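One-letter residues, chain by chain:
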Amino acid sequence: MPEIIIDGRRYKCEDAETILDVCRRNDIDIPALCHHEAVEPFGACRLCMVEISHPKWPGWKDWVTSCLYPIQDGLVVGTSTTRVRRLRATVLDLLLARCPNSDVIRELAEEYGVEDTTYQPRDDGDNCILCGLCVRVCEEVIGVSAISSAWRGVTKEISEPLREPPPDCIGCAACANVCPTDVIKVTQSSTHRVIWDRTFEMYRCKECGKAHITKEQRDWMIKKNNLPENYYDLCDICKRKVVANTQKNLSLI
Amino acid sequence: MKMLLINPRKCTNCHICELACSFKHSNEFTLAHSRVRTIFHPDANLTVPEICLQCIDAACMASCPSRAIFVDEELGCVTINYDKCVGCLSCVAGCPFGNMFQDELNPGHVFKCDLCQGDPVCARFCPTGALLYKEIEPLTGKQQMVLEKEESVV
Ligand code: FES
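Nothing here was measured: the structure is a model prediction, and the numbers come from that model.

Rules used in this analysis
Residues numbered from 1 in each chain as written. Chains lettered and ligands numbered in written order. Predicted model: local features only at pLDDT ≥ 70, side-chain atom pairs only at ≥ 80, totals over all residues. Heavy atoms only, no water. Helix = DSSP H or I, 4+ residues; strand = E, 2+ residues; numbered from the N terminus. Buried < 20%, exposed > 50% of the residue type's maximum accessible area, 1.4 Å probe, protein only. Contact = heavy atoms within 4.5 Å. Areas by Shrake-Rupley, 256 points an atom, 1.4 Å probe, with all protein chains shown as cover. Rg over C-alpha atoms; globule rule 2.2 N^0.38 Å. Domains from an automatic or database assignment. Buried area = accessible area lost by both parts, 1.4 Å probe. Salt bridge = Lys/Arg side-chain N within 4 Å of Asp/Glu carboxyl O. Nonpolar A, V, L, I, M, F, W, Y, C, P; charged D, E, K, R; others polar. Polar contact = N/O pair within 3.5 Å; in protein donor to acceptor, adjacent residues only side chain to side chain. 1 Å grid on protein atoms, 1.4 Å probe; cavity = no way out; pocket = protein on both sides within 12 Å on 5 of 7 lines; lining within 4 Å. Points joined across faces, edges and corners; volume = space filled by probe spheres on them. Patch = residues over 30% accessible without salt bridge, like charges linked within 9 Å, V, L, I, M, F, W, Y side chains within 5 Å. pLDDT = per-residue confidence, 0-100.

### Focus: the overall build of chain B
For step 1, the next point in the chain: The helix and strand inventory of chain B stands at four helices and eight strands.
For step 2, the next point in the chain: Seen in sequence order, chain B has helices and strands lined up from the N terminus as β-α-β-β-α-β-β-α-β-β-α-β.
For step 3, the next point in the chain: Buried residues in chain B amount to 50% of all 154 residues.
For step 4, the next point in the chain: Taking the contacts inside chain B whose residues are at least 6 apart along the sequence as the reference set, 57% of them involve residues at least 24 apart.
For step 5, the next point in the chain: For chain B, the exposed surface amounts to about 7500 Å²; the carbon and sulfur share of it is 56%.

Shown next as structure tokens:
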């Protein structure tokens, strides 16, 4: 079993783990905005930088993104050396210029001593840091690829195809839930959900009208898991009532 | 393995399990945070406590697209890995017994019975033994409700 040293302490790890995995497992705090356990690491936000060295590489150090760097036996990791803090501060300085109104970024920046950005802050636009987590979750987890990144360079953005309500979206709102800076807006009522400018009708309980998922998500899950048509017809409360009724009848035998 | 046993015949509809569960998980006495819910049947004068049955091949697990739900073998408990959860609510809609809950205040958050990591407070505080957490021989199939006919409370 490989062992690595993080901030002077020895930690046992599994093969094929990344530095961030080991740190998370041992409650070592590393800021990471674009990382989510459900998807492959991507390395977009560059906040999880750490310093690495190895007894076999005398006099040599490197600064890498911990979410992407696979561990190797004997690796020496520094998670908050001066240089690492400076690197993160630079990244946060840039992120703050991009999203001056984001509370998440602002708090993180303050932690690293960045009160105000040294660049020209963007005065229009949203709090998107272009980490692409929403796109990856939609593609890798949900499997519908309703959104993607569009354009390049300074004009890059996360967008629906042709900026129109995305036809493939099933309205599950997973993208909004994982977004680290809460950019994706969901409006929910008991009958409808609006996300990505598209209005979805909720699939409501046949008995009481309570809804958990949209019609599109229901169709998609029935198709994907090969379920009977009436599988999602009841809400959790009504399902509990049915079960309780069965249990009542059993108890009365 | 220890299992949570439900005996509706002993339940007096006192709601202590719901309150204990809610307090354990949210430090508040709110039924909305409880993982166990009791359902009263006035016709039979019987109350049935509803709680996760910890199915072996759980439907919530099968419907989760991010594989965030797994069975904790040691505890025999179907468990959510919140680091992997993306909040799509497939599990809430997918549980055929309605024992997966959506947080009403935080719609992307789901919760279910976690057996309190091996000491379920609902069973600990149940005054009549309608909920029991005890060592039993593995039951055949997934059946969890044990009908102790002769012991039923009058
Ligand atoms: S978490 Fe590693 S780069 Fe974003």
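### Structural notes on the overall build of chain A
For step 1, the next point in the chain: Each helix and strand counted, chain A has seven helices and eleven strands in total.
For step 2, the next point in the chain: Computed over the C-alpha atoms, the radius of gyration of chain A is 23 Å, more than 25% above the 18 Å expected from 2.2 N^0.38 for a compact globule of 253 residues.
For step 3, the next point in the chain: In terms of principal-axis extent, the alpha carbons of chain A reach across some 75 × 50 × 30 Å.
For step 4, the next point in the chain: The buried share among the 253 residues of chain A stands at 49%.
For step 5, the next point in the chain: Contacts in chain A between residues far apart in sequence, at least 24 positions, make up 49% of those at least 6 positions apart.

### Thoughts on the domain arrangement of chain A
Residues and elements named next belong to chain A.
For step 1, the next point in the chain: In terms of domains, chain A is made up of domain 1 (3-80) and domain 2 (133-247).
For step 2, the next point in the chain: Once you take the C-alpha centre of each, domain 1 and domain 2 turn out to be 34 Å apart.
For step 3, the next point in the chain: If you look at the interface, domain 1 gives eight residues, while domain 2 gives seven residues.
For step 4, the next point in the chain: Of the roughly 650 Å² buried at the junction of domain 1 and domain 2 (both faces included), carbon and sulfur atoms supply 67%.
For step 5, the next point in the chain: Among the residues domain 1 hides against domain 2, the three largest losses belong to Leu33, His36 and Val39. Together they make up 60% of the total.
For step 6, the next point in the chain: The tally of links from domain 1 across to domain 2 stands at zero salt bridges.
For step 7, the next point in the chain: Per-class residue counts for the side of domain 1 that touches domain 2 are six nonpolar, one polar and one charged.

### Digging into the domain arrangement of chain B
Residue and element names in this part refer to chain B.
For step 1, the next point in the chain: Considered domain by domain, chain B is made up of domain 1 (1-51 + 119-135) and domain 2 (54-112).
For step 2, the next point in the chain: Taken over C-alpha atoms, the centre of domain 1 sits 20 Å from the centre of domain 2.
For step 3, the next point in the chain: Taken together, the contact pairs ten residues of domain 1 with eight residues of domain 2.
For step 4, the next point in the chain: Regarding the contact of domain 1 and domain 2, the summed buried area is about 730 Å², with carbon and sulfur atoms giving 54% of it.
For step 5, the next point in the chain: In terms of surface lost to domain 2, no three residues of domain 1 exceed Met1, His33 and Arg35, which account for 53% of the buried area on that side.
For step 6, the next point in the chain: Counting across the domain 1 and domain 2 interface gives two residue pairs in polar contact (both at pLDDT 80 or more).
For step 7, the next point in the chain: Class assignment for the residues of the side of domain 1 that touches domain 2 results in four nonpolar, two polar and four charged.

### Description of the layout of surface pockets
All names here are of chain A.
For step 1, the next point in the chain: Each pocket or cavity is described by its volume, and for the largest pocket that value is around 490 Å³.
For step 2, the next point in the chain: Contributing to the lining of the largest pocket are 27 residues, with Asp126, Cys128, Ile158, Val183 and Trp196 lying nearest its centre.
For step 3, the next point in the chain: Going through the elements one at a time, α4 (133-142) and β7 (157-159) are the ones with two or more residues in the lining of the largest pocket.
For step 4, the next point in the chain: A breakdown of the residues in the lining of the largest pocket according to their chemical character gives 14 nonpolar, four polar and nine charged.

### Quick look at the environment of A:Thr82
Residues and elements named next belong to chain A.
For step 1, the next point in the chain: Structurally, Thr82 is set in helix α2 (residues 82-98).
For step 2, the next point in the chain: The class for Thr82 is exposed, based on a relative accessible area of 66%.
For step 3, the next point in the chain: Counting along the chain gives 31 residues from Thr82 to Glu51, while the straight-line C-alpha distance between them is 9.8 Å.

### What to know about a nonpolar patch on the surface
For step 1, the next point in the chain: Taken together, B:Leu19, B:Phe23, B:Phe29 and B:Leu31 make up a surface patch of nonpolar side chains, about 370 Å² in accessible area.
For step 2, the next point in the chain: Assessed through its relative accessible area of 57%, B:Phe29 is described here as exposed.

### Some points on the confidence of the model for chain B
For step 1, the next point in the chain: For chain B, the average pLDDT comes to 86, and 89% of its residues sit at 70 or higher.
For step 2, the next point in the chain: Every residue in residues 147-154 of chain B scores below 50 in pLDDT, and together they form ten contacts with partners more than four places removed in sequence or on other chains.

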